[in-house]
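Spelled out, the chains give:
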Amino acid sequence: MALHVVAGEDPWPFIIHIPRSRGATSTAMMQSWRQIAAGLLFLATLQGSARADDQEFRLVRYLMSNYDSAVRPSLSVAQPVAVIFKFSLLALLAMDERQGVVSTSCRITQNWNDVHLRWNASDFGGVTTVRIPASQIWRPDVILRNNADPSTPSNIGEEHAVLKSSGDISWTSHVLLKSACTLDLRFFPFDFHLCHLNFTSWSYDIQQVTLSGERADLSGFHPNPEFHLEDVLLSPGGGGRALAFSLIVRRRPGPPLLRHVLPCFVVTGLAALAFLVPPTSGERVTLALGCLLALLLVSVATGGGPRASAPQLPLLGVYQLCCLCLVSATAFLSAMTLGLHSKGSDGIPPSPWLRRCVLGCLAPMLFVHSCPQRKDSMNFQDGDDDEKKKGKRKATSGGGHPSRGTAPPRSC
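Keep in mind the model is a prediction, meaning the values are calculated, not measured.

1. Some remarks on the UniProt feature "transmembrane region" (unreviewed entry) in the chain
According to UniProt, the feature "transmembrane region" (unreviewed entry) maps to residues 257-278, 284-304 and 316-341 in the numbering used here. Here residues 257-278 runs as 73% helix and 0% strand, with 34 Å between its end C-alpha atoms. As a span, residues 316-341 carries 100% helix and 0% strand, and end to end its C-alpha atoms are 37 Å apart.

Structure, rendered in structure tokens:
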């Protein structure tokens, strides 16, 4: 004997074999009854789920039968629809200094009551909650007013909405927002920024839709490695027509200092060591020029600091320009001192204005004291005249020709 049980559209055969012989064992009978009980339980489960699906299907058909998503859900024309706006910041993705754009990942929840979507739960098998696509119901057309990316839609997404029997609707969506923000980079990398996310209704005024917000939820915020979020402030505006969430962002100074400041500081210090290299080695100018090229490569690699569109120059850019000027001056002075050293070795005296400038002005300012000089080393011309007189005496006494005397020993 075979028993076939059909459930729904897909047949599920339950074949129960009952021995025809009267001498069948009790074990075979027990197995047969177990199969029958399992089949009956499966049929009961299918019947209960089918009833629940039928009730929800009938409820959705009932709600959408005479519903128009273009009609504002209000009991009267003069009564506005109160919308509660909840904002949750999930991540601060990026900040574009040149374009002045802040990218954020947010979760937005909007709650309101629709008088046209109410039902009695007892008439539909006790169903109190149903989920339908948000595009099939009326929604407050809240947009991001300071949207900065035309390719990114400024309105909220198209996720499902949760409907309750009392008419309360909860619509939660996840969006990626790109908002315009004025960035002040004068104190980079120790800069603070205040960026606003302005939400408002696009087509409804204050007499039709009112917006009320709650404090931003930061429980699911994922930290950014470059920026630190200090706080998110809520600022209602327009008497209930608009909401503004202000993001207070501070830059973490560690990475920019390592990328921009530390290389410039090291290269500038190495350039100062060029004055300690002996002039006879011939590597003083080479070291200074190498430091200059290294600083130029660092400036090109780092871009000279943040690429800001603001007219003011960041302090980090001023610092890099000063380092570039110092290293260039180091290379110039190294070449100049080598030239003076080579002329002194050949017996050519320095210019009087140079002696007054270096020994008279720069030496006291740099706390450098010159060594006491001998009388014959104060003026090379006087030394030459003395040597000429001595040569004449030798020529008179010895009969030789007067010869030009050598230059006096150089002072320390």
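So much for the structure itself; the text now carries on.
2. Describing the pattern of salt bridges
All told, the structure shown has 6 salt bridges when counted by the stated rule. Residue arginine 251 pairs with aspartate 191 through a salt bridge whose shortest N-O separation is 3.0 Å. Linking arginine 251 in strand 12 (residues 242-251) with aspartate 191 in the loop between strand 8 (168-180) and strand 9 (192-201), this pair joins segments that are 60 residues apart in sequence. When sorted by exposure, arginine 251 lands in the same class as aspartate 191, which is buried. Here arginine 215 and aspartate 231 are joined by a salt bridge, their closest N and O atoms 3.3 Å apart. One end of the pair, arginine 215, is in the loop between strand 10 (209-213) and strand 11 (227-237); the other, aspartate 231, is in strand 11, with 16 residues separating them in the sequence.

3. Quick notes on the state of the cysteines
According to the stated counting rule, one finds 1 disulfide in the structure shown. Here cysteine 181 engages in a disulfide with cysteine 195; their sulfurs sit 2.2 Å apart. The disulfide joining cysteine 181 to cysteine 195 has a torsion of about -80° about its S-S bond and is therefore left-handed. With a gap of 14 residues between them, cysteine 181 in the loop between strand 8 and strand 9 and cysteine 195 in strand 9 connect regions that are remote in the sequence. The exposure class of cysteine 195 is buried, given its relative accessible area of 3%.

4. Describing the pairing of strand 9
Side chains on a regular strand alternate between the two faces of the sheet. Buried residues dominate strand 9, accounting for 7 of its 10 residues. As judged from the 3 bridges shared by strand 6 (residues 142-144) and strand 9, these two strands associate in the antiparallel manner. Counterpart to leucine 144 in the pairing with strand 9 is phenylalanine 199.

5. Focus: the sheet that holds strand 11
If you walk across this open sheet you meet the 4 strands as 6-9-12-11, and the pairing is antiparallel. Edge positions in the open sheet fall to strand 6 and strand 11, since each of these has one partner strand only. Taken pair by pair, the neighbouring strands of this sheet meet at an average axis angle of 20°, ignoring direction.

6. Description of helix 3 (residues 284-302)
Because an α-helix completes one turn every 3.6 residues, residues spaced three or four positions apart along the sequence face the same direction. With 19 residues, helix 3 should cover 27 Å at 1.5 Å per step; its first-to-last C-alpha distance of 27 Å lies within 8% of that length. Every buried residue of helix 3 is accounted for by Arg284, Ala288, Cys291, Leu292, Leu295, Val298, Ser299 and Thr302. Down the axis of helix 3, the buried set is contained in an arc of 125°. They therefore lie on one face. Exposed and facing more than 90 degrees away from the buried side of helix 3 are Leu293, Leu297, Val300 and Ala301.

7. Observations concerning unusual backbone geometry
The residue after phenylalanine 188, namely proline 189, is reached through a cis peptide bond having omega 5°. Relative to the elements of secondary structure, proline 189 occurs in the loop between strand 8 and strand 9.

8. Regarding the nonpolar core
Of all hydrophobic cores here, the largest spans 48 residues; its most connected members are Phe87, Ile137, Leu163, Phe199 and Phe245. Examining the composition of this core, we find that 7 residues originate from one element, strand 3 (residues 81-96), more than from any other. Non-local contacts of isoleucine 137, meaning those with residues more than four positions away in its chain, are made with Met64, Tyr67, Ser69, Trp112, Leu117, Ile132, Ala161, Leu163 and Ile169. Core analysis: the next-biggest nonpolar cluster, separate from the first, contains 9 residues, Ala271, Leu292, Leu295 and Val298 among them.

9. Here's the deal with the packing of aromatic side chains
Under the counting rule described, the total for this entry stands at 9 aromatic pairs. Here phenylalanine 87 and phenylalanine 199 contribute two aromatic rings whose centre-to-centre distance is 6.1 Å and whose plane-to-plane angle is 50°, an arrangement assigned as tilted. Of this pair, phenylalanine 87 sits in strand 3 while phenylalanine 199 is found in strand 9, placing the two residues 112 residues apart along the sequence. Phenylalanine 87 gets classed as buried once you look at its relative accessible area, which sits at 1%. Residue phenylalanine 199 is classed as buried on the basis of its relative accessible area, which comes to 1%. Ring geometry for phenylalanine 199 versus phenylalanine 245: centroids 6.2 Å apart, planes at 75°, classification edge-to-face. Of this pair, phenylalanine 199 sits in strand 9 while phenylalanine 245 is found in strand 12, placing the two residues 46 residues apart along the sequence. Aromatic rings pair up to connect Phe85, Phe87, Phe199 and Phe245 into one cluster.

About the cut-offs
- Residues numbered from 1 in each chain as written.
- Predicted model: local features only at pLDDT ≥ 70, side-chain atom pairs only at ≥ 80, totals over all residues.
- Heavy atoms only, no water.
- UniProt positions renumbered as here; feature names shortened; annotations may be inferred.
- Helix = DSSP H or I, 4+ residues; strand = E, 2+ residues; numbered from the N terminus.
- Salt bridge = Lys/Arg side-chain N within 4 Å of Asp/Glu carboxyl O.
- Buried < 20%, exposed > 50% of the residue type's maximum accessible area, 1.4 Å probe, protein only.
- Disulfide = S-S within 2.5 Å.
- Pairing = 2+ DSSP bridges.
- Axes fitted to C-alpha atoms, helices over the stretch in contact; angles between N-to-C directions.
- Expected span 1.5 Å × (residues − 1).
- Arc of directions from axis to C-beta.
- Core = buried A, V, L, I, M, F, W, Y, C linked by side-chain atoms within 4.5 Å.
- Contact = heavy atoms within 4.5 Å.
- Phe/Tyr/Trp six-rings, centres within 6.5 Å; stacked < 30°, edge-to-face > 60°.

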